[in-house]
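# Coordinates in review
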Amino acid sequence: MHEALRSALGATAPDSDPEETAEWLDALASLLASGGPARVREVMDRLAQRACAPGIGWQPPRGTPYVNSIPVEQQPSFPGDLALEERLASLMRWNALAMVVRANQAETGGSAELGGHIASYASAADLFEVGFNHFFRAPQPGFGGDLVFYQPHSAPGVYARAFLEGRLQEADLAHYRQELSAARRGARGLSSYPHPWLMPDFWQFPTGSMGIGPISSIYQARFLRYLAHRGLADTAGRRVWGVFGDGEMDEPESMSALTLAAREGLDNLVWVVNCNLQRLDGPVRGNGRVIDELEALFAGAGWRVIKLVWGSDWDGLFARDTGGALQRAFARTVDGQLQTFAAKDGRYNREHFFGQDPALAALAQGLTDEQIDRLKRGGHDLVKIHAAYDAATRGDGRPVVVLAQTKKGYGMGEAGQGRMTTHQQKKLGREDLLAFRDRFRLPLSDEQVARLDFFRPPDDSPEMRHLRARRAALGGPLPQRSARGDALRVPPLAAWGSFALQADGKEMSTTMAFVRLLTALLKDPALGPRVVPIVADEARTFGMANLFKQVGIYSNVGQRYEPEDIGSVLSYREAQDGQILEEGISEAGALSSWVAAATSYSVHGLAMLPFYIYYAMFGFQRVGDLIWAAADQRARGFLLGATAGRTTLGGEGLQHQDGHSLVMAATVPNCRAWDPAHAGELAVIVDHGLREMLEQQRDVFYYVTMGNENTPQPSLPAGAAEDVVRGLYRRMRLGERPGQPAALRLLGSGAILREVEAAAAWLAEAHGLDCEVWSATSYSELAREAAAAERRDRLAADGTPTPCHLQRCLPGDAPVVAASDYVRAWPLLIAPYLEARVTVLGTDGFGRSDTREQLRRHFEVDRGHVAVAALQALRRRGAVAPAAVAAALAHFGLADGAGDAPPWER
Ligand SMILES: Cc1ncc(C[n+]2csc(CCOP(=O)(O)OP(=O)(O)O)c2C)c(N)n1
């Protein structure tokens, strides 16, 4: 030990006084001998405290040698049947490989275009198998189970296990990545990656987009604590496991919440980072060591790091290596080189690794080339993996990361192990397949290998009995997803939203109205506790500070300080049972929190009602991929884009004014997007959403825009509510000629409805025009219904037209002018379904900082532009004279604008 310590140190730093150093090391060695490791740690902590004093300025290194964190003498004995579990892992590997290769072979009904991955699961199989056999617990009576995030391109391995468990059949495996063809052949198609939308009883968390699994797992772990602290659910003992790639750690999302996990003391969270040292194109850190880098990063963030670098075969080598030659060699070897060692055979490794120095060569002397070839890395050794996971589950208040070194394409031999191109490898030749069979001692004939037969041992075989027994002991199969939460009754809208429905002209903004609605909902005895208000450091901006005191901000430790504003009615209050999730300046974090709450109905069987309110510009644009994953995950909740629109947020300008989130929201199939103009509309929309999500248990979520402009709020016309949720209702008709259809229809939405109403009033008064004003609460809802109706007509043999709300509201060819605070693409969604010609005014282009009035003039969506657009539309039909248009242009001060560059070019 003494020698090893000395040489490990010697490998890293030149020594100005070796003799003195030796004395210190001797002292350390005798302390270790007399007091044991705990005493060494104690003394080292004290010494470190001293050495960190400014005068000395020592900084502790973040790294430890390139060896396992759990020494062999502390390794627990393996509780399973090692031989059986190794055989099972080999079967998983085979079936996963066969699935991908078959999907890509024309002879077996596949197609080379289908893709799939072999090498990633080949590296991760053992990491998964130890989890499945010993650690990942399914929900069972009285225990909600663990939450497991699976590395996405390892999905074939997870299917392979479900096949052995009898949850999937051979025909299903044969339809991996053939979800559409499968249904026609009576099989179940298997999605490429974990997608709850596509396999709602199977996959729980979507991980296909790198980085989303990692950040989501942290916030799910935190949400388990939140539910417990708020007394809503007993989540004690439940754990979140995440198996991720080392390349995936490059994603900002993977890294961004590490300190949060440590700060919140999430020792219910275990990440296993599969360090196969490769990503798609090549090495993750060819010129460095990713395990060292990640160790420093995670340890610095406050995580407990368990390095799982070498398999049991190395234990003997380390024991014999009293001079520390191995450690010195590893300290010199970068990942690019380790990858090459993985790709080469035993002979090469003997020459190039063990041949580096005589001490190493001596270590390898007793090994055959074959044995050298089979020296396992830690992540391929079931015993070592078990030891690491076992240690990981002994919580000490910190989240845990297991850094497991593996080989990419493990066992793929010449065809793929450690090859640069292995990530993309989807085909294996006959010889490679036979070699794979031999390598893993699979009980398959040459013909079965050539045919790529899937293999399931007989039900009464020891393997299958063991497999079933292990899962039974852990509560049942995984992954599994539940589709239903507890149904909650929504109180009648009148009980919490009548102020908005009968606003009677009171001045307020829709954001203020929302906060009032939220405050009222929070007070409902049944629903209130389920509400989860979420903000990313903008609660004050949106006038929500009153909630700090009322329901408190969640903190796992309560409030350990006296807030500066103590005594004020709105004082800042953190509490362990606080209800608000204040996520700081992390939209990705806030969105992940929202997802945890929005999927609670399924993950915990407990429906929660999250409202994440944020600057509209920093939503779909900033964290759109997380929102897409939320949709995949069948999230239910509300996203509220505040300070929405390009012209409602005076002063802020280009970066803050959102003119396109609604268009993006409209591209998410189960997101219903709304642009209410008034408090009443907003209340009706929220009420409808509550009923859809909580009572009818529909897998939808709502995106609702809100403005911060104080305006007089009209009462909602009687009977309008149903049409509000259809997306369009009539607000008024001016200058009506009884018995005749309106000559003109003006559509306004959100912040611009008032401009449209003002334009209509002027047109009626100045030109005696008969015009209708409609509030378009959602162009995407209108367009979806119209498109569905059009599709039915297209595909129906009898061709009977199906009427839709849009066409019922706006029949005939009277010109339609639609103005919005969003880009033209938003109102244009409805244009193809109308007989009338539609003129659209929108806010395409970059924002500016100025007053609302100036902005509306700049983007050409103010009342003057609406009025002129309407008159031009009528002029085209010969319904008004050109002089009327000229007069209007002059009246509104627009006479000289035609030659200017349009706003979106400025
Ligand atoms: C956001 C995102 N970018 C890119 C990809 C494409 N992609 C899929 S797997 C992969 C490499 C993964 O490498 P690593 O995390 O090291 O996992 P390994 O396959 O090596 O186990 C990439 C780039 C993706 N799925 N998501």
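Each residue is numbered by its place in its chain's sequence as written, counting from 1. Totals for whole chains, interfaces and linings use all residues, but because this is a predicted model, local features are given only for residues with pLDDT of at least 70 and pairs of side-chain atoms are given and counted only at 80 or more.

Here is the rule: UniProt positions are given in the numbering used here, feature names are shortened, and annotations may be inferred rather than shown by experiment.
Going by an unreviewed UniProt entry, the protein carries the name Pyruvate dehydrogenase E1 component and comes from Piscinibacter sakaiensis. If you open the UniProt record of the protein and go to Function (unreviewed entry), you find "Component of the pyruvate dehydrogenase (PDH) complex, that catalyzes the overall conversion of pyruvate to acetyl-CoA and CO(2)."

### Structural notes on the overall build of the protein
Condition: Helix numbering and strand numbering both begin at the N terminus, where a helix is a DSSP run of H or I of at least 4 residues and a strand a DSSP run of E of at least 2. To get the radius of gyration, use the C-alpha atoms; to get the globule rule, take the number of residues to the power 0.38 and multiply by 2.2 Å. Each residue is classified by how many other C-beta atoms fall within 10 Å of its C-beta atom, where C-beta atoms are placed from the backbone; a count of 20 or more means buried, 12 or fewer means exposed, and values in between mean partly exposed. Any residue pair is listed as a contact if its two C-beta atoms, each placed from the backbone, are within 7 Å.
For the protein, the count of helices and strands is 36 helices and 20 strands. For a compact globule of 906 residues, the expected C-alpha radius of gyration is about 29 Å, and the protein comes in at 33 Å, within 12% of that figure. For the C-alpha atoms alone, the extent of the protein along its principal axes is close to 105 × 75 × 60 Å. Counting the 906 residues in the protein, one finds 50% classified as buried. Once local pairs closer than 6 in sequence are excluded, the contacts in the protein between residues at least 24 apart make up 76%.

### Re the confidence of the model for the protein
Rules: Confidence of the prediction at every residue is given by pLDDT, a number between 0 and 100.
For the protein, mean pLDDT is 94; residues scoring 70 or higher make up 99% of the total. Here residues 1-11 scores under 50 on pLDDT; set against residues more than four positions off or in separate chains, the count is 25 contacts.

### What to know about the packing of helix α35 (residues 863-876) against helix α36 (residues 882-891)
Heads up, the condition is: Fitted lines through C-alpha atoms serve as axes, helices being fitted only where they are in contact, and the angles separating the N-to-C directions of these axes extend from 0 to 180 degrees. When describing relative orientation, an angle under 35 degrees is termed roughly parallel and one over 145 degrees roughly antiparallel, while 65 to 115 degrees is termed roughly perpendicular and anything else oblique. Following the grouping adopted for this structure description, the nonpolar residues are Ala, Val, Leu, Ile, Met, Phe, Trp, Tyr, Cys and Pro, the charged ones are Asp, Glu, Lys and Arg, and the polar ones are all others, Gly among them.
The contact between α35 and α36 brings their axes to 9 Å, and the two run at 170°. By the criterion of interaxial angle, the relationship of α35 to α36 is roughly antiparallel. Residues Ala-867, Val-868, Leu-871, Gln-872 and Arg-875 of α35 touch α36, and the partners they reach there are Pro-882, Ala-884, Val-885, Ala-888 and Leu-889. When its residues are assigned to classes, the contact of α35 with α36 shows 8 nonpolar, 1 polar and 1 charged.

### What about the UniProt feature "domain: Transketolase-like pyrimidine-binding" (unreviewed entry) in the protein?
As annotated in UniProt, the feature "domain: Transketolase-like pyrimidine-binding" (unreviewed entry) corresponds to residues 508-713 in the numbering used here. Measuring from the first to the last C-alpha atom of residues 508-713 gives 7 Å, for a span that is 35% helix and 17% strand.

### Section: the domain arrangement of the protein
Where the parts come together, the accessible area they lose is often given as the size of the interface. Counted only if it meets this: What fixes the domain bounds is an automatic or database domain assignment.
The assigned domain composition of the protein is domain 1 (2-60), domain 2 (82-312 + 376-473), domain 3 (320-371), domain 4 (493-713) and domain 5 (731-905). Taking only C-alpha atoms into account, the centre of domain 3 sits 58 Å from that of domain 4.

### Considerations on the sheet that holds strand β5 (residues 400-405)
Adjacent strands of a sheet pair through backbone hydrogen bonds, lying either parallel or antiparallel. So the rule is basically this: By definition, two strands form a pair when at least two bridges between them are found by DSSP.
A sheet is described by the order of its strands in space; here 5 strands give the open sequence β1-β2-β3-β5-β4, paired in parallel fashion. Of all strands in the sheet, those with a lone pairing partner are β1 (147-149) and β4 (304-308), marking the two edges. The average angle at which neighbouring strand axes cross in this sheet is 15°, direction not considered. Pairing analysis gives 5 bridges linking β4 to β5, with the strands arranged parallel. Within the sheet, the bridge partner assigned to Lys-307 lies in β5 and is Leu-403. Lying over the sheet, helix α18 (residues 382-392) contacts β3 (269-275), β4 and β5, oriented at roughly 175° with respect to β4.

### Things to note about the sheet that holds strand β18 (residues 771-776)
One open sheet accounts for 5 strands, arranged β16-β18-β17-β19-β20; its pairing is mixed. At either end of the open sheet lies a strand with only one pairing partner, and these are β16 (728-734) and β20 (838-841). Ignoring strand direction, the axes of neighbouring strands in this sheet form an average angle of 20°. By the bridge criterion, 5 bridges tie strand β17 (residues 744-748) to β18 in an arrangement that is parallel. When the sheet's bridge partners are listed, Leu-744 is paired in β18 with Cys-771.

### What about the packing of helix α22 (residues 493-501) against helix α29 (residues 679-695)?
Where α22 contacts α29, the axes come no closer than 8 Å and their chain directions differ by 155°. Relative to α29, the element α22 is oriented roughly antiparallel. Across the interface between the two elements, Leu-493, Gly-497, Ala-500 and Leu-501 from α22 touch Ala-679, Gly-680, Leu-682, Ala-683 and Asp-687 from α29.

### So, helix α31 (residues 753-767)
Going by this rule: A helix's residues, less one, multiplied by 1.5 Å, set its expected span.
With 15 residues, α31 extends 20 Å from end C-alpha to end C-alpha; this agrees with the ideal 21 Å at 1.5 Å per step. Looking one or two residues beyond α31, the residue adopting positive phi is Gly-768, at roughly 60°.

### Observations concerning the site of the ligand
Put simply, the test is: In this text, near has one meaning. A residue is near a molecule or strand if its C-beta atom, placed using the backbone, is within 6 Å of it.
Taken together, 19 residues lie near the ligand, and Ser-120, Met-210, Gly-245, Gly-247 and Glu-248 sit nearest. For the shell around the ligand, the per-class residue count stands at 3 nonpolar, 12 polar and 4 charged.

### Some words on α29
At 3.6 residues per turn, the α-helix brings residues three or four places apart onto the same side. Here α29 spans 23 Å end to end across 17 residues, near enough to the 24 Å set by a 1.5 Å rise per residue. Of all 17 residues in α29, 13 are buried, a share of seventy percent or more. A positive backbone phi angle near 55° is found at Gln-697, which sits one or two residues after α29.

### Here we look at unusual backbone geometry
Note that the residue after Leu-478, namely Pro-479, is joined by a cis bond; omega there is -5°. Structurally, Pro-479 can be placed in the loop between α21 (462-473) and α22. Look at Arg-441: it is not a glycine, yet its phi comes out positive at around 50°. With respect to the helices and strands, Arg-441 occurs in the loop between α19 (430-439) and α20 (446-451). Classification of Arg-441 as exposed rests on a count of 10 C-beta atoms within 10 Å. Of note, the phi angle at Asp-504 is positive, near 50°, even though the residue is not glycine. Mapped onto the elements of the fold, Asp-504 is located in the loop between α22 and β6 (506-508).

### Details of the environment of Ala-884
Turning to its location among the elements, Ala-884 is positioned in helix α36. Its 17 C-beta neighbours within 10 Å are what place Ala-884 among the partly exposed residues. Along the sequence, Ala-884 and Val-868 sit 16 residues apart, while their C-alpha atoms lie 9.2 Å from each other. The residues touching Ala-884, leaving out its near neighbours within four places in the chain, are His-767 and Leu-871.

### Observations concerning the UniProt feature "binding site: Mg(2+)" (unreviewed entry) in the protein
The positions that UniProt labels "binding site: Mg(2+)" (unreviewed entry) are, in the present scheme, Asp-246, Asn-276 and Gln-278. Of the residues just listed, which span 33 residues, no C-alpha pair is farther apart than 7.6 Å, and they cluster in one region. Looking at where Asp-246 falls in the secondary structure, it is placed in the loop between β2 (240-245) and α9 (252-256). Among residues more than four places away in sequence, those in contact with Asp-246 are Val-273, Asn-274, Cys-275, Asn-276, Leu-277, Val-284 and Val-290. With respect to the element layout, Asn-276 can be found in the loop between β3 and α11 (290-301).

### A few points about the nonpolar core
How we decide: Each nonpolar core reported here comprises buried Ala, Val, Leu, Ile, Met, Phe, Trp, Tyr and Cys residues connected via C-beta atoms within 7 Å.
In this structure, Tyr-159, Val-402, Leu-746 and Ala-870 are the most contacted members of the largest nonpolar core, which totals 256 residues. Discounting chain neighbours no more than four positions away, the residues touching Ala-870 are Leu-744, Leu-746, Ala-759, Leu-763 and Val-817. Listed in part, the 7 residues of the second largest apolar core include Ala-325, Leu-326, Phe-353 and Ala-364.

### Let's talk about the environment of Gln-278
Take Gln-278: it is sitting in the loop between β3 and α11. Accessibility expressed as a C-beta count within 10 Å gives 31 for Gln-278, which makes it buried. Gln-278 sits 433 residues away from Thr-711 along the chain, and the two C-alpha atoms are 58 Å apart. In this structure Gln-278 touches Pro-283, Val-284, Gln-339, Lys-408 and His-423, once residues within four positions along its chain are discounted.

### Some details on the environment of Lys-427
By the element assignment, Lys-427 lies in the loop between β5 and α19. Residue classification places Lys-427 among the partly exposed positions, given that 13 C-beta atoms sit within 10 Å. Put simply, Lys-427 and Pro-902 are 475 residues apart on the chain and 54 Å apart in space, counted from C-alpha to C-alpha. Here Lys-427 is in contact with Val-101 and Asn-104, once residues within four sequence places are set aside.

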